[in-house]
Structure formats: structure tokens, C-alpha cells
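Given next are the chains, with one letter for each unit.
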Protein chains: 2
Amino acid sequence: MTKISKQVYKDRLHSLFDVMKTKNLDALIITHDDEYLSYELSDDCQRILYVCGFSGSAANLVIIKNINETKKNHEPLINKQTQEQYTELKACALFTDGRYLVQAKEQIDTDIYSIINRSELNECEFLIHKLPRQARVGIDLTTISYEQYLEFKKALKTAEIHLIGYDGSLVDLIWDDRPKAPCSAVQIYPDEYNGLPSLVKRQNLASSLRKNNIDATIISSPQNICWLLNIRGRDKASLPVINSRLVAYSNEAIEWYVDEERFNDDILDDLEEHYGHIDIFPPDRFDDLLERLNSSKCTVYVDPKATNAKIIGILLEGATKLIQGLDLCELPKAKKNYLEIAGMHKAHLKDGVAMCRFLAWLDDVTQVDNIVDLDSYIKKVEDIDEAKLSERAESFRKVEGDYIEPSFDTISAIGANAAMCHYNFKEINTPKKLGVDPIYLIDSGAHYLEGTTDITRTVLVGPNLDDEIKRMYTLVLKAHISLTTTIFPRGTSGLQLDAIARRPLWDYGFDYQHGTGHGVGHVLSVHEGPQGISTKYSQVPLEEGMVLSIEPGFYKENHYGIRLENLVVVEKCTMQGCKHMLCFVPLTAVPFDKRLIVREMLTTKEREWLNNYHSHVNSLVKSASSTLSDFEVNWLNQATAEI
Amino acid sequence: MTKISKQVYKDRLHSLFDVMKTKNLDALIITHDDEYLSYELSDDCQRILYVCGFSGSAANLVIIKNINETKKNHEPLINKQTQEQYTELKACALFTDGRYLVQAKEQIDTDIYSIINRSELNECEFLIHKLPRQARVGIDLTTISYEQYLEFKKALKTAEIHLIGYDGSLVDLIWDDRPKAPCSAVQIYPDEYNGLPSLVKRQNLASSLRKNNIDATIISSPQNICWLLNIRGRDKASLPVINSRLVAYSNEAIEWYVDEERFNDDILDDLEEHYGHIDIFPPDRFDDLLERLNSSKCTVYVDPKATNAKIIGILLEGATKLIQGLDLCELPKAKKNYLEIAGMHKAHLKDGVAMCRFLAWLDDVTQVDNIVDLDSYIKKVEDIDEAKLSERAESFRKVEGDYIEPSFDTISAIGANAAMCHYNFKEINTPKKLGVDPIYLIDSGAHYLEGTTDITRTVLVGPNLDDEIKRMYTLVLKAHISLTTTIFPRGTSGLQLDAIARRPLWDYGFDYQHGTGHGVGHVLSVHEGPQGISTKYSQVPLEEGMVLSIEPGFYKENHYGIRLENLVVVEKCTMQGCKHMLCFVPLTAVPFDKRLIVREMLTTKEREWLNNYHSHVNSLVKSASSTLSDFEVNWLNQATAEI
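This one's a predicted model, so the numbers in the text were calculated from it and none came from an experiment. (Residues numbered from 1 in each chain as written. Chains lettered and ligands numbered in written order. Predicted model: local features only at pLDDT ≥ 70, side-chain atom pairs only at ≥ 80, totals over all residues. Heavy atoms only, no water.)

What follows concerns the pairing of strand E27 (residues 581-586) of chain B. Looking along a regular strand, one sees the side chains alternate between the two faces of the sheet. All names here are of chain B. Across 3 bridges, strand E20 (residues 487-489) lies against E27 in antiparallel orientation. When the sheet's bridge partners are listed, Ile487 is paired in E27 with Cys583. Here strand E26 (residues 566-572) runs beside E27; their pairing, made up of 5 bridges, is antiparallel. Residue Val569 lies in a different strand from E27, and its bridge partner there is Val585. (Pairing = 2+ DSSP bridges. Helix = DSSP H or I, 4+ residues; strand = E, 2+ residues; numbered from the N terminus.)

This is how it looks when you write it as C-alpha cells:
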């Protein structure tokens, strides 16, 4: 990434001020996501990055023009604690979460912007604190969900501040060299991988529309459209989708608003054979559709979390009867079918082989047991930094068949860097090197044609390992095992299960400040709803076929970070007397580092689970690869030997 | 209870039909609660009991007039499973929950009424299924929360059915001999028990109004008014309150709408001294107040869950700016202060002594170890039925100082009756006798002047104890211990903790269909919000000073029921390294029945907890009562001996 000077960002901000002036705006909220409400952005939608240089995947930027003209007597901030923490708020502020506070500080000009943890102070509280009554705040209606827009609107209204919606981002007006929007080719995702023909998915969708007396539903999420049509694209790194919109009718008709350039000359017939007939329209005709729905007075279903405020705003103004709820593709997509699960297992076998090779290689270069003196050790490993480690892990994946791309930016973090949960060495000037730090955390994954992976391991890579790290590693492992072995009745949500993972840490007064697990897409987004496992927002019952991560952790700021993540699939429990219950079955097949375990802290049952898991990993990885070297086989045998 | 004939209920229903005809109503919803939205009802508010004979504490009755005139082609029911379960729906239906299905079947005329589990099919789904578009459904606005009213209104609107609100119940128009509303005397609840003078509570309330720019709040819950004013009354059995309403202003002024007859001649001065000056108005002036608020254009805070639809409806029509949220007394009331907690401990000591005496007496009369032959055993205990057992338990409480009354109807259940979680022998013609059943469940509690108790024990009382019962008892005990010993960070809700109790049962494929715990009031309602521990709805973070029950169970229909309940108080954890965490400290001091435990199923830690708890109970109960007989002391010693 070429470094852009502070002055350039200042100039861009002042250009924005000029635009705001013409619109008579006192402030502007710039949201992070694109008009499909994806947090994965193509270059043309990196608006916050363009304005201030912040590249994280979750943020809103708030800009106040002419702060001197704003009210003198500020409203007090919501509570005392917040007030003490944010004493000198700038006129502009970046709102993000705990994952990105450090990165934001490195990336943006803190003379201009306050960096604010959104869970402590939110955009509206900040605006109410800063602006007088009757102030005007602009927002782009196309890059915010209707639900979030309503929340902003309501909160600002309490202070008589007006939220003014625009059809498009004001940033685009000052962005001269804005990149073109991506326009990747539509690719058929064959039935042998997707497991359910598009026509069947569409019949099911239409039937659920009819059952609920709904005439049509607008599907705004590119992932859901790709799932429904069994296609994929390459519009975004790590998210193999086609940006587009779709309307499905109760009579099984489909209108797809997608650029025709995306269809290679000879693919249209193949597509028709693949997903049956659908009507294809240019994207700019989508507004006409909204008018048509409005004038036909039909009943339309939309997801207010997944549809932007412009679309729902137009529908609400017309004669359409609007019904809001979870996108009707979300649950069927989350509950993977037999072939998708088989594909996920295959992908995880490949990924297991790659990760085992990587870890064997890493052990070989570090040879931690043979460190004679620190200086010569540091010299020996000085060529290996976080970037190299990340590349090396990917190189082992790349040689596996049907590898597509990483499923997200690898988190490759040595020592204290691992204490930042979403650390990205690419955002930092100099990646850290192996040497003095005892442990290394790698959170990585890939899309293969058959499925998607996501795994975190924390391993021994250097000297200075102390009992504290081993104790904490063991507690995180206990947390992982505790949730993985839980069986639970149908109807149970991730929110209910989350504490079962945390309890081994809670018992000693520890915790981690992130969710325990997220849903995982099948060759789509590695973060997928509607299910999840966390302390909030994950009240969707877990169902058979859902894939989730289980990834408890522990982070000691400026010291080290530990996270242990497997993907699991929800299945019917096969234990005697429990066949009406559900359970988690691990997909990931990679050993946990036994050198970091305090054996006495594990219960007999926990050791049994670990030994069984390792023996399973051993046979799976051996069966999956006939090309393991003797060295790699030896490594695998000792890494999975009984504890 | 005198038995009322089916014909009388039929006549009452037809009188209601006549009233509905004059109002041009096709259907009527009769809600259970009174106009203060309490589920504890005085006799004059037992409207569902009056109309159909059902006496449970949670239900709505739906009555459809002239079903023959309703639509021929019914809408299909929501889902197939429901449709199969409810094939022959009557025109009238009682909607209740799992606790009351058996009781309802015993009490109401099933030729007229369908009995419906509300979680499977709700009132609106039923009405939409039965009624044509444009049908008119009546409802009393005074006996339904605004929130519930909105839900009904919205659901019926989707089928174009009109919900017509009335100011008062139509049942009252046909209820000739309706009892008078209770009018108990206002009693001062002294500061030595309540721990915080009313004036301080009111200053705190006014200050939080000012902080949020609110002019006034309407407090509709009699419990919250009694808490705020530090008074008590006797308007309802088990709920020592005064039915009334109150408005608190940001300038600390208070208007109390309460019958003057409630003030004994000489108490008014004492009251003024006790809670400072407040303006007292007759209850029928409350509507004037609403008009006054409306015309003054002030900002008013109300709780839509705790305020009836009539009140909020009037405010919404006026110029009042209405802000809705949890009643501002709820959290301060739930977080007990030091004196309240001390009082709860004192009450539990008395209750512990009473329960130990009761259990010692019960062991003495059953002498389970000495059963020679079954016939002579049955003869020996034949005088003892569920009613006698309940009376006997209360008799031991009554002799303790400052006993007021039971805190709820005792659940005294032998054998299979205990499988009905809220079994009430009073609703059944013949209470069950001791004899062939191995175990007995008693869930009971009391208000003492110092505090409120609620305890469930399941104990051995007869022959035929088998390994299954012991195994299940042990699993329930493990569930109880598991949650009781959990330490957790601030911000954690009961919803998050619930599964920690269930897991020992889940591990073997079992579960229980009720919440794990509820909040408990301090000489107010034994069921108190906003906190709770359950699979749903309990997302309020647990805070220091909150009192909760922990009561996992297991129920085998037609066989037996097991429940083990202690009350606990949330405190700062005192363990080393965990002082920033919270934990549960048991209030209840009564042994668990060791004869029902499979020792090998407990882990070392669980046995340690049980032995510590029992040793604690032993010393507490001995220290609390100097009048225990030698027999009782011996019983206590063996009941609390190490396992």
C-alpha cells in the first residue's frame, strides 16, 4: 500500500466540507459497507479508507463541519465513565470496535479524528453532544441498512437533529480517480458441489412466499443470490460473489438485475440449462422495478437488516404492502445439505494436510527443544516474519486441488501482536520476526471448490515459555472442548451456549472480548448468519447442517494472545438415549499443540476427547495425503500421540 | 371451593354472548391479569374463573359468538404440526402454558372450550383461523399491557380483523354478585427493614428523570409503588401490596391515586413523617391526571409492559411526549440493599429451621428404612395427604417470629403429581396420600417481616425407590450445583447462564420445560423482574444484590417429578484473582436429601460443595434456633453429614 500523506487526507476532508456546504449540512455520517451491505469491499467502495486512511472492516466515520459554529454548551455525554474517557473529542470521529482501535491509531490522523469504541459511545450520542438542535446531518441511504438508518433517525430525533438521506455517497463527488466497480464473470457452481439444483431452491422459496401470502421478495445480499442461483463470481477478495439484486415472485418467476457484461458469450445457454429461465435486467432498471411493485399494490417481503434504506424507503412511500423479516434464503442457506457438508469435510481434509505440513515445517525451522543460546536462535530464525509465515501457510494450501483463494485475510501474529484479535500485519509497517517470543497465533482459511475453511492454532515457536502461558493455553483448550462436547436440545441458540465455552476461563476470573463462534458459508462468506455463538445477538436456534466456528481465546495486552478455533457442523447426536438432541461434529483436522498443555489441568474426559480427536486427525490426514514426507508423518505421529 | 355446575358456566357464556351482540362483536378476548397487570388476583378480578371455572395464574380466554356465521373456508393454521395437533378446535378456547394444561382439563367444560398451549398456537392465530375479514374482536384495555395490546392489534390487522378496545371488562356487565375490590389498610414498612428511606428513593428517581429530560413518570405497578413509598398492604393473598397508581415528577413531587379509606385515622401523620409530603388523590381522579399531562405537553416516561393499554392510549392521543422503557423502579428494587439482604438472610434462617423441622417430622412419620411390608406401611401413613403435608410445613413456619403469610400457593405433590410443575392440590378433588410413592416434592415459601423465601425440596417418603429416580435426582442436583458455583463477569444475563444448569441433564438427553430461576421480591412478589434465568426473555444483566431462585428439575409424566430450589443473592466474588467477577451466594439453608444421591455420579468438587453447604446449613440452623428438640438436632446432624 503506498503511503498517502496527512495533507492529502486533509485536502480530501476539506473538499468534503465544500460539498457539505452546498447541501447545507452540519455533519456527515460515512458508513463502511457497500450498497449490498457487505463489509468485504471492492476498491471502489473503500470510502472511509479514501477519506481518512482507515482500512478496517467495521467502522463509521462522522464528520462535523465548522465545529466553532456548533453549540457552546454541549449536552453532557450519556454517562460519567464515558465522559471521563472521552474528554477531548475532536470534531470528526471514527467509530469502530475493540478489534480495530490500535490499527485505527496507526492509520489515521489523530489531530483531526477521535477514535471511539462504538460500544462506549456511539455516532448519535457523539452528534447530540456536539450539534445544536435543528442541525442537519447527511447520510447515504444506499450504504446503510434500513434498520440501522431507523435507529440513527430515531436517536437524532430525540435531540431535534435532522438526518438527511441521499441517494449515493457524497464522498463519490470528491473522489476523482475512483476505481471502476468490479464486474467479474458469472460462473456456474455445479450441482455436484451445491447439492441442490437452483430450480428446487427457487420452488421452495416461491412456496414459502405463497404460504405467507406474499407476492414477491427482494433479495439484496449477493451471497444469497449466488446461493439461490448456484453461481459464483470474483467481485471481491475472499467473497466469491457477483454484486447484483434479485426479485423472486410467488409464481416462481425471477428477475435478476445484473450487468450483461458478466456473461461470457457462450455461457447464457449453459446458465439457462443450469438454473432455468430467469429474466435478466440491467442494474439501473432496479428503480423501475420498485416503482412497478409500488403501483401494483402487491405484498413484498424484505429484510430490513440486509436491504439498504433507499430501497425500503421507496417501497414504504408507495402502495406496496411491506412485510419485514429475515431474508428467506438465510436459513435454508445456513442449513447445509448433505453434499455441502461432504464438501466441507473434503475441504477440511485438504486444509488439514496443508496446516499439518505448515506446522511440521515451522517446528523444523524453530527446533524449539534445541535452543542453545538465545542470540544464535534469533539469528537462525531472523528471516522469518509474520508475512513469511502467512505466505508459507498459504503455499501449502495452494498445492491442494481445487484451491480458490484465502477465505479472509490471514491473522499471523507473533507474541504480543496476537493480543490484537484481528491483527493484520499488512496494516503495520514492519511485520514482527520470530526470535524472543514463545508463541505464535495463526488464524487462516481458504475457499476450495468443495467448501470453506477457517482455523486458528496457537503454537510454540521460541524461548521464554512460562507457566502462565501454558495455564492460559490449557484454559482456552478446556473452553474449546467444553463447548465442542456439549449436546443440546433443538431450539437452543448460540447465545444460550456461549457461556459453556467461557466458564473454564470465568472460573479463574478471565474472559475474552469477542464472540465464541460465527456461522460459516459454503464457498461464500466465511462469516455468515443468521446463527452465531456470542454473548449477544445470536438467538437463532442452531439446526442440523449449520456450520459454525468454535474459537475461544485469551489475550493479554502487550504480552501474548491465544485462540483455538475449529469449524464444526451441527448434527443429530448419535449417543444412546440422546438421539433427539443435537451436537457438534468437528470439521477441522489439525492437532492442538500439546507442548503448551498443563496435563494435570485437564479432566479425564477432556484428555479422552483430545486423544480421540488427535487419533482421528492422525488417520484422516494420513488417508487424505499419500504425499506426506517421512518427516511430516513423524511430525504428525508425535503431534497426535496420547497425552 | 364450591363446585359450580356446567350449566351455570353455560348461562354465563350466553349472557356474555348477549352483551357481545349489543356491541356488535364477533369475538371477545378475556385476559387474565387485573388492571395493575398483576397475575395475583383479588376475587373481584377472577374474570376467567367466573366465566369458565379455570383458576390458573396465566391464561387468556377467547370467545367466538355464532361460530356458524363465521367463514366457511378457514385459513390454514400456521404450520402442519400445529394443524395435526389441533384438528377440532371449538369456537371458544383457553390459552395457557404447559404448567396448566392438566388443571384446565379438570376445571373447564371441554365441550365448549379447546385448551390450547399458547406456545403452539396463540390467540391471534386462532382468531385468524376462525374469523372472516372485517370481523370485530373486543378486548378490555385496562387489563392488558400496552405492549401486548399492540402485538394483538398488529397480528389481527394482517388478516383485516378489527380489535376494539373497551374501558373495562365486558365480563363485569354480567357479573351480578361481583365481590368488592379489596381495600386493605396502608401499613408503614419501617426503615429498619427496607434499608433506604422513601425520600432517598424518590430523590434518586427524580434525579434520573431530570438526567433524561423527563418531566414525570407514571408508576402502574403496586409492587413498585410499595417499594418506593416503603409501605405494604394486604390487597392480595401472597402479594402484600396496596392497589394504586402513582406519578413521580422530576421536581420530586409525588401524586398518589389511592382510596382514602385505606388510611386509618391516626396514620396520616405517621405516613407524612415516614415518606415526606405527597399529594393524595382518589383513584377516580387518575383520568383527570392523564388529561392534565396531555394538555401540559410534558415528557412522560411509562413502561409499556407494566402499564395498561388504556393509560398509554390516552397519553398517545394527547400532546404528551411519551418515552417508553423499563419502569424506573424496577432495577433499583431488584438490586437489594444491605439491610434487605440481611433481612433475606434472617428470613431464610427462620425458614430453614421450619423446613428442617418439617423434614425431620416427615422422616419420623414415614421411617422409610423400617418399612416391613407395604400394606402396613400404607395403613400407617394413610392419614397423611398432600394437603396435610402442606399445612404441616406452614405450621412450622407460623411459629417463627414475624411470619406474615405464604409467599405463594404451596406445591405439595406426591409421586406422579409432582410431574405437573405447578400442581396445586387445592384444584384437585382428592389430594394424594402417602403410601406407595417413593418421593415427594414440596415447593413453598413465606413472607416474613424481614424477607421472602421460596424453596423446593424433593425427598424420600416411601417404598419403590429405584435407581432411575436416584440417577435423575443426582443429575438435577448436579445441575443445581453447576449453576450455583458459576462465577461470571458483570454484564452477564440469566439467559446466558441458563444452559450451565441444564448441561448435566442435556448430557444424558434430558431437560426441563421451565425457567431455571426467577427474581424474588423483598416482602413483595415472589416472582419479580427484570432479571431471570431462562432460555428466553432474561437478557437483563445480573447485578450485585439481585436475588434469584435456582431451580432445575426433571419431570417424568405420570411417574414422578424432581425439583431442587434454593434462593441465592448475587455478590462480588471473593475468590483470589476473581474479585472483579460476580457469584451466587445461597440464602436457603436446608439439606438436600442424601438418600436420593448416587454418590459416584458427583465429581469431587461437587461433593465438596455439597458437604460445605451442608456443614454451613448445620451450623446456621443450630445457631438460629435454641428450641430444636434432640430428635431434630439428630436429624439435622445425619441429614448434613458428609457424603
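That shown, we press on.
Rotating chain B by 180° and moving it 0.0 Å along the rotation axis overlays it on chain A with an RMSD of 0.0 Å. These values place the two chain copies in the arrangement generated by a two-fold rotation axis. Distance from the rotation axis, computed per C-alpha, reaches its smallest value in chain B at Gln496 of chain B: 2.5 Å. A high fraction, 97%, of the interface residues of chain B reappear at the interface in chain A, so the copies pair face to face through one surface. (Least-squares fit on C-alpha atoms with pLDDT ≥ 70 in both. Contact = heavy atoms within 4.5 Å.)

So, on to the nonpolar core. One finds Phe358 and Phe584 of chain A together with Phe358 and Phe584 of chain B to be the most contacted residues of the largest nonpolar core, which totals 163 residues. The residues touching Phe584 of chain A, leaving out its near neighbours within four places in the chain, are Leu483, Thr484, Thr486, Phe488, Leu497, Ile533, Leu542, Leu548, Ile550, Val568, Val569 and Val570 of chain A. (Core = buried A, V, L, I, M, F, W, Y, C linked by side-chain atoms within 4.5 Å. Buried < 20%, exposed > 50% of the residue type's maximum accessible area, 1.4 Å probe, protein only.)

The strands that make up a sheet pair up through hydrogen bonds in the backbone, lying either parallel or antiparallel. Residues and elements named next belong to chain B. Strand order in the open sheet formed by 3 strands is E16-E17-E19, and the pairing between neighbours is antiparallel. Both outer strands of the open sheet, strand E16 (411-414) and strand E19 (455-460), are each paired with one neighbouring strand and no more. Put simply, the sheet's adjacent strands are angled 10° from each other on average, direction ignored. Summarising the sheet, strand E17 (residues 439-444) and E19 pair through 6 bridges and their orientation is antiparallel. Across the sheet, residue Leu441 finds its bridge partner in E19, namely Thr458. (Axes fitted to C-alpha atoms, helices over the stretch in contact; angles between N-to-C directions.)

The subject of this paragraph is the packing of helix H12 (residues 286-296) of chain B against helix H13 (residues 309-317) of chain B. Residues and elements named next belong to chain B. Interhelical geometry of H12 versus H13 gives an angle of 30° and a closest axis separation of 9 Å. One element, H12, and the other, H13, form an angle in the roughly parallel class. The crossing of H12 and H13 is right-handed. Residues Phe286, Asp287, Leu290, Glu291, Leu293 and Asn294 of H12 form the contact with H13, whose own contacting residues are Lys310, Ile311, Ile314 and Leu315. A breakdown of the residues in the contact of H12 with H13 according to their chemical character gives 6 nonpolar, 1 polar and 3 charged. (Parallel < 35°, antiparallel > 145°, perpendicular 65-115°, else oblique. Left-handed = near helix turned anticlockwise from the far one by under 90°. Nonpolar A, V, L, I, M, F, W, Y, C, P; charged D, E, K, R; others polar.)

This paragraph deals with the interface of chain B and chain A. At the junction of the two partners, chain B supplies 29 residues and chain A supplies 29 residues. Across the chain B to chain A interface the summed buried area is about 2,200 Å²; carbon plus sulfur atoms make up 51%. Broken down residue by residue, the surface that chain B buries against chain A is led by Gln496, Arg503 and Trp506 of chain B, which jointly contribute 30%. Seen at the junction of chain B and chain A, the total is 0 salt bridges. Our count for the contact surface shared by chain B and chain A stands at 6 residue pairs in polar contact (both at pLDDT 80 or more). For the side of chain B that touches chain A, the elements supplying multiple residues, two or more each, are E20 and helix H19 (494-506) of chain B. Here the element with the most residues in the side of chain B that touches chain A is H19 of chain B; it accounts for 8 residues. Grouping the constituent residues of the side of chain B that touches chain A by class yields 12 nonpolar, 11 polar and 6 charged. (Buried area = accessible area lost by both parts, 1.4 Å probe. Salt bridge = Lys/Arg side-chain N within 4 Å of Asp/Glu carboxyl O. Polar contact = N/O pair within 3.5 Å; in protein donor to acceptor, adjacent residues only side chain to side chain.)

The final tally for this structure, using the stated rule, is 0 disulfides over all chains. In this model Cys183 of chain A remains outside any disulfide bridge; the closest cysteine sulfur is found in Cys226 of chain A, 13 Å from its own. For Cys183 of chain A, a relative accessible area of 31% gives the class partly exposed. Of all cysteine sulfurs, the one in Cys583 of chain B lies closest to Cys573 of chain B, which takes part in no disulfide; the gap is 4.7 Å. Residue Cys573 of chain B is classed as buried on the basis of its relative accessible area, which comes to 5%. (Disulfide = S-S within 2.5 Å.)

Further remarks concern unusual backbone geometry. Residue and element names in this part refer to chain A. Put simply, Gly529 and Pro530 share a cis peptide bond, and its omega is 0°. Within the fold, Pro530 resides in strand E22 (residues 528-533). Phi angles above zero are rare outside glycine, and Ser238 is one such case at about 70°. Within the secondary structure, Ser238 is located in the loop between strand E9 (231-232) and strand E10 (245-249). By relative accessible area, which is 11% here, Ser238 ends up buried.

Take the pairing of strand E22 (residues 528-533) of chain B next. All names here are of chain B. Most of E22 is tucked away: 5 of the 6 residues are buried. Looking at chain direction, strand E21 (residues 517-519) and E22 are connected through 3 bridges and run antiparallel. Bridge assignment links His518 to a residue of E22, and that residue is Gly532.

Taken as a whole, chain A shows an average pLDDT of 93; of its residues, 96% reach a score of 70 or greater. Interface predicted TM-score (ipTM) for the complex: 0.90; the corresponding pTM is 0.92. (pLDDT = per-residue confidence, 0-100.)

Another point: the packing of aromatic side chains. On inspection of all chains with the given rule, the structure shows 32 aromatic pairs over all chains. Each ring, one from Tyr50 of chain A and one from Trp175 of chain A, has its centre 4.6 Å from the other, and the planes form 20°; the classification is stacked. A residue pair is termed long-range when its members are at least 10 positions apart, and Tyr50 of chain A in helix H2 (residues 47-52) and Trp175 of chain A in the loop between helix H7 (171-174) and strand E7 (187-188) qualify at 125 residues. Here the two residues Tyr50 of chain A and Trp175 of chain A agree in accessibility, since each one is buried. With 6.2 Å between their ring centres and 50° between their planes, Phe554 of chain B and Tyr560 of chain B make a pair best called tilted. Overall, the relative accessible area of 9% leaves Phe554 of chain B in the buried class. Every member of this aromatic cluster is reached through a ring pair, and the members are Trp256, Phe263 and Tyr275 of chain A. Above the plane of the ring of Tyr50 of chain A lies Arg12 of chain A, whose end atom (NZ or CZ) is 3.9 Å from the centre. We note Arg457 of chain B situated over the ring of Phe592 of chain B; from NZ or CZ to the ring centre the distance is 4.0 Å. (Phe/Tyr/Trp six-rings, centres within 6.5 Å; stacked < 30°, edge-to-face > 60°. Lys NZ or Arg CZ within 6 Å of the ring centre and 35° of its normal.)

To continue, consider the sheet that holds strand E17 (residues 439-444) of chain A. All names here are of chain A. The strand order across the open sheet formed by 3 strands is E16-E17-E19, and the pairing between neighbours is antiparallel. At either end of the open sheet lies a strand with only one pairing partner, and these are strand E16 (411-414) and strand E19 (455-460). Pairs of neighbouring strands in the sheet enclose a mean axial angle of 10°, with direction left out of account.

Residues and elements named next belong to chain B. Relative to the helices and strands, Ala624 is located in helix H20 (residues 604-624). Each C-alpha atom of the pair Ala624 and Phe263 lies 36 Å from the other, and the pair is 361 residues apart in sequence. Contacts of Ala624, omitting those with residues within four sequence positions, involve Leu349 and Val353.

Residues and elements named next belong to chain A. Helix length check: helix H1 (residues 6-22), at 17 residues, gives a terminal C-alpha distance of 25 Å against a target of 24 Å (1.5 Å per residue), a fit within 8%. Every buried residue of H1 is accounted for by Tyr9, Arg12, Leu13, Leu16, Phe17, Val19 and Met20. What you see down the axis of H1 is that its buried residues fit within an arc of 165°, all on one side. Seen from the buried face of H1, the exposed residues on the opposite side, beyond 90 degrees, are Asp18, Lys21 and Thr22. Structurally, H1 contributes buried residues whose contacts are with strand E1 (27-31), H2, strand E2 (60-64), strand E3 (92-96), strand E4 (113-117) and H7. Asn24 lies just past H1 and shows a positive phi near 60°. (Expected span 1.5 Å × (residues − 1). Arc of directions from axis to C-beta.)

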